[in-house]
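Descriptive analysis of the structure
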Amino acid sequence: MFEQFRFHMTLSDTLRKESPQAKALEQGARRHFAGVLNAHTVDGIAVFVEREQGGPFHYLAYCGFDGEVTRYGD
């Protein structure tokens, strides 16, 4: 899975950081999330597997957004 899956988000068009639209979106997002922006940090994700349908989930790996991947078993 790690070699096949790549997270991506597609925008409908290019959005340049310096554009008025990007600045307006950023300002709106900062206002909306003002109470939680500095309260939480997400530095990676954990991957779990379900070996058989209805079975328990097993912790497979931690994938840090800095590129670190730590596997815990198969």
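Use the structure listed above.
The shown structure was predicted, so the numbers you read here are calculated from the model rather than taken from an experiment.

**What to know about the sheet that holds strand 3 (residues 69–71)**
Strand order in this open sheet of three strands is 1-2-3, and the pairing throughout is antiparallel. Unpaired on one side and paired on the other, strand 1 (44–50) and strand 3 mark the two borders of the sheet. Strand-to-strand, the axes of this sheet are offset by a mean angle of 25 degrees, without reference to chain direction. Strand direction decides the pairing type here: strand 1 and strand 2 (residues 57–64), joined by seven bridges, are antiparallel. Counterpart to V49 in the pairing with strand 2 is H58.

**Things to note about the pattern of salt bridges**
Here the structure, examined in full by the defined rule, presents one salt bridge. One salt bridge in this structure joins R30 and E26, with 3.0 Å as the shortest N-O distance. Placement of the pair is R30 and E26 together in helix 1 (residues 20–32), with a separation of four residues, close to one helical turn. Here R30 falls in the partly exposed class, since its relative accessible area comes to 49%. You can call E26 partly exposed: its relative accessible area is 38%.

**A look at the pairing of strand 2**
The antiparallel pairing of strand 1 with strand 2 creates a hairpin that spans six residues between the two strands, and G54 there sits at a positive phi of about 85 degrees. Taken together, the three bridges between strand 2 and strand 3 define a ladder with antiparallel strand orientation. When the bridges of strand 3 are listed, C63 appears paired with V69.

**Let's talk about the packing of aromatic side chains**
Enumeration over the complete set of coordinates arrives at two aromatic pairs. Centre to centre, the rings of F48 and Y59 are 5.3 Å apart; their planes meet at 35 degrees, and the pair counts as tilted. Here the residue F48 occupies a position in strand 1, and Y59 occupies one in strand 2, the gap between them amounting to 11 residues. Accessibility expressed as a relative area gives 47% for F48, which makes it partly exposed. The partly exposed category is assigned to Y59, whose relative accessible area is 38%. Look at Y59 and Y72: their rings are 4.9 Å apart centre to centre, the planes differ by 20 degrees, and that puts the pair in the stacked class. Here Y72 lies in the segment after strand 3 and Y59 lies in strand 2, a separation of 13 residues in the sequence. Members of the aromatic cluster, each reached through a chain of ring pairs, are F48, Y59 and Y72.

Rules used throughout
- Residues numbered from 1 in each chain as written.
- Predicted model: local features only at pLDDT ≥ 70, side-chain atom pairs only at ≥ 80, totals over all residues.
- Heavy atoms only, no water.
- Pairing = 2+ DSSP bridges.
- Helix = DSSP H or I, 4+ residues; strand = E, 2+ residues; numbered from the N terminus.
- Axes fitted to C-alpha atoms, helices over the stretch in contact; angles between N-to-C directions.
- Salt bridge = Lys/Arg side-chain N within 4 Å of Asp/Glu carboxyl O.
- Buried < 20%, exposed > 50% of the residue type's maximum accessible area, 1.4 Å probe, protein only.
- Phe/Tyr/Trp six-rings, centres within 6.5 Å; stacked < 30°, edge-to-face > 60°.

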